[in-house]
Amino acid sequence: MTGKFDVVIVGAGLAGMQMLHEVRGAGLTAQVLEAGGGAGGTWYWNRYPGARCDVESLEYSYQFSAELQQDWEWTRRYADQAEIMRYIGHVVERFDLARDIRFHTRVEAMAYDEADATWTVRTDTGDEVVARFVIMATGCLSEPNVPDIPGVKTFAGDILHTGRWPREPVDFTGKRVGVIGTGSSGVQAIPIIAKAAAELVVFQRTPAYTLPAGDEPLDPELQAAIKADYAGFRARNNEVPTAGLSRFPTNPNSVFLFSAKEREAIFEHFWNRGGPLLLRAFGDPLVDPAANEVVAEFVRGRIRQIVTDPEVAAKLTPTHVIGCKRICLGDGYYETYNRPNVRLVDIATHPFEEITPTSVRTGEGSHELDVLVFATGYDAITGALSRIDVRGRDGLSLREAWLAGPRTYLGLGVPGFPNLFTMTGPGSPSVLANVLVAIHQHATWIGECLKHLADNGIRTIEATPEAEHAWGQHVSDVAAQTLLSSCGSWYLGANIPGKKRVFMPLVGFPDYAKKCAEIAATGYPGFALAHDPVPATQS
Ligand code: N01
């Protein structure tokens, strides 16, 4: 099948869905190409037991329609995957999105044609779609990381990945299950799998700081109060560096202005309240290693209190800077290691040696298993972009252009790739903000930009190399003012062997959003704009 549109949007996750709405609003035609069988992106694929958002529901929701945000009633403080999928289904129907989405269609390649100033997008179904603009809404956490452990292909039991969970429920009853990975996905799945399985072996490389999520039914009075001034609530959240939780402002004071007893009481309060608030208890834990250590030590103390076996508690105790890897939220995670059917294997000290048809062998011994769950995360931020063969001007490959680390201007445009936009791309706040707010900001900015180009007869927009270079420096400089790049996180690409280590997201949503608005208001400096050729006069 072929087709010609103003815009191709790659991906029908939360970003692609809003982008489609904005493109229609700009009066342009669009086709969304989506590999999955339905909308939802990450939420469509992440059906693992316990999958739940770690951003509060009233904030992890669209703000482009005042009516939608008034009408939709969230039921939990943090929505689970099923509730988010119901919301996604409602949005698809309410805004009649599906008619412009081709499901079961994975984009494999795209190439820019200089003469026509168009992109031709090719898919695994043999479709070829031509468009003036391409918007990559491919998601920051969508390309699974599947480590190549020797012998993994010989395993005779079921192999699952949390980020590609089957649609049919998986029954762990009576099974011997191995889970590899203890990031956010593992931390959520492990307590639930442990309850069903006969035995659970957790293979941990790096212990995570896990705080109680404090999930609970959503307080109807809170929901009503926020809905009474949703616009004000959104505006206040936009002024917070992470674009959220303005109800809990960061205490600007140093940890060291408080006595040990006062600190303990403050930490205790935030621990019991649930959520990632512990890092807001004081102003300096993400910039001062000594202050960070005080917060980290509080969490370590909690682990020692909860986990009854001191050896297991020691293995579960992280030593890295708290917050430099994304904090995990999970209810009952540490308690799970007190169960008699759960065993923790430290693969940092005893690495994997081999997977056989029936077992996983590490330096510490062999574990007979029926099911192996990879909770090993993603090739984050650039993975989904790099797996597509994107060819810009003169056949320039995006994958090759980014071998030394991703380069963008504002996380939105790349030199050599005219009329291509990357939503929540590297160099934008993306995963360091409430990603739905980051999506909203990008979708509205791109929508307005497309309208500006159409209204002014502008044929192409392309980031300049100078702007991209200066922006890359800015992203690194801002990260260097924090402790965020002090450990091997996926923010840096450190979880993927061979991936160039570059701190990819930009710290600080409010300044970024203001900068983007200023750029749009002043004629898009940093982008080269080329006008439509003037038609030759008839002689
Ligand atoms: O992935 P991760 P995730 N051998 O990369 C380990 C969002 N999210 O899917 O730390 C052995 O965090 C790896 O070890 P290490 C959220 O933003 C949100 O859990 O690299 N182990 C780590 O323990 C989150 O941060 C929600 O040493 C290997 C784990 O696997 C992001 O998605 C829920 C390994 C991977 O952890 C990713 O979370 C879920 C190897 N070769 C996800 N490779 C919520 O909203 C990796 N590991 C709550």
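Scope of this entry: the structure provided in the associated data block. Everything numeric in this text was worked out from a predicted model, so none of it was measured. (Residues numbered from 1 in each chain as written. Predicted model: local features only at pLDDT ≥ 70, side-chain atom pairs only at ≥ 80, totals over all residues. Heavy atoms only, no water.)

### Details of the overall build of the protein
- When helices and strands are counted, the protein shows 16 helices and 20 strands.
- For a compact globule of 539 residues, the expected C-alpha radius of gyration is about 24 Å, and the protein comes in at 24 Å, within 12% of that figure.
- When the backbone C-alpha atoms are referred to their principal axes, the protein occupies close to 90 × 55 × 45 Å.
- With 539 residues in all, the protein has 58% of them scored as buried.
- Partitioning the intrachain contacts of the protein with sequence separation of at least 6 by distance along the chain shows that 72% fall at a separation of at least 24.
- Each charge class in the protein can be summarised by its mean position, and for the 49 positive and 63 negative side chains these summaries are 1 Å apart. (Helix = DSSP H or I, 4+ residues; strand = E, 2+ residues; numbered from the N terminus. Rg over C-alpha atoms; globule rule 2.2 N^0.38 Å. Buried < 20%, exposed > 50% of the residue type's maximum accessible area, 1.4 Å probe, protein only. Contact = heavy atoms within 4.5 Å. Lys, Arg positive; Asp, Glu negative; His and termini not counted. Charge placed at Lys NZ, Arg CZ, Asp CG, Glu CD.)

### Digging into the sheet that holds strand β13 (residues 352–355)
- If you walk across this open sheet you meet the 3 strands as β13-β14-β15, and the pairing is antiparallel. Each edge of the sheet is formed by a strand with only one pairing partner; in this case those strands are β13 and β15 (365–368). Strand after strand, the sheet turns through a mean of 20° between neighbouring axes, direction not considered.
- Looking at chain direction, strand β14 (residues 359–362) and β15 are connected through 4 bridges and run antiparallel. (Pairing = 2+ DSSP bridges. Axes fitted to C-alpha atoms, helices over the stretch in contact; angles between N-to-C directions.)

### Some details on the state of the cysteines
- Taken as a whole and assessed by the stated rule, the structure comprises 1 disulfide.
- The cysteine Cys53 is free of any disulfide, with Cys328 supplying the nearest cysteine sulfur at 14 Å.
- Cys140 takes part in no disulfide bond, and the closest cysteine sulfur to it belongs to Cys53, at a distance of 14 Å.
- Given the relative accessible area of 7%, Cys140 is considered buried. (Disulfide = S-S within 2.5 Å.)

### Here we look at the nonpolar core
- In terms of nonpolar packing, the biggest core is built from 68 residues, with Ile9, Ile135 and Trp445 touching the most fellow members.
- Here this core gets 8 residues from one element, more than from any other, and that element is helix α14 (residues 435–455).
- Each of domain 1 (2–142 + 379–531) and domain 2 (152–248 + 287–374) gives at least three residues to this core.
- Beyond its immediate chain neighbours, meaning those up to four positions away, Ile9 contacts Gly16, Met19, Leu20, Val23, Ala30, Gln31, Val32, Leu33, Ile135 and Ala137. (Core = buried A, V, L, I, M, F, W, Y, C linked by side-chain atoms within 4.5 Å. Domains from an automatic or database assignment.)

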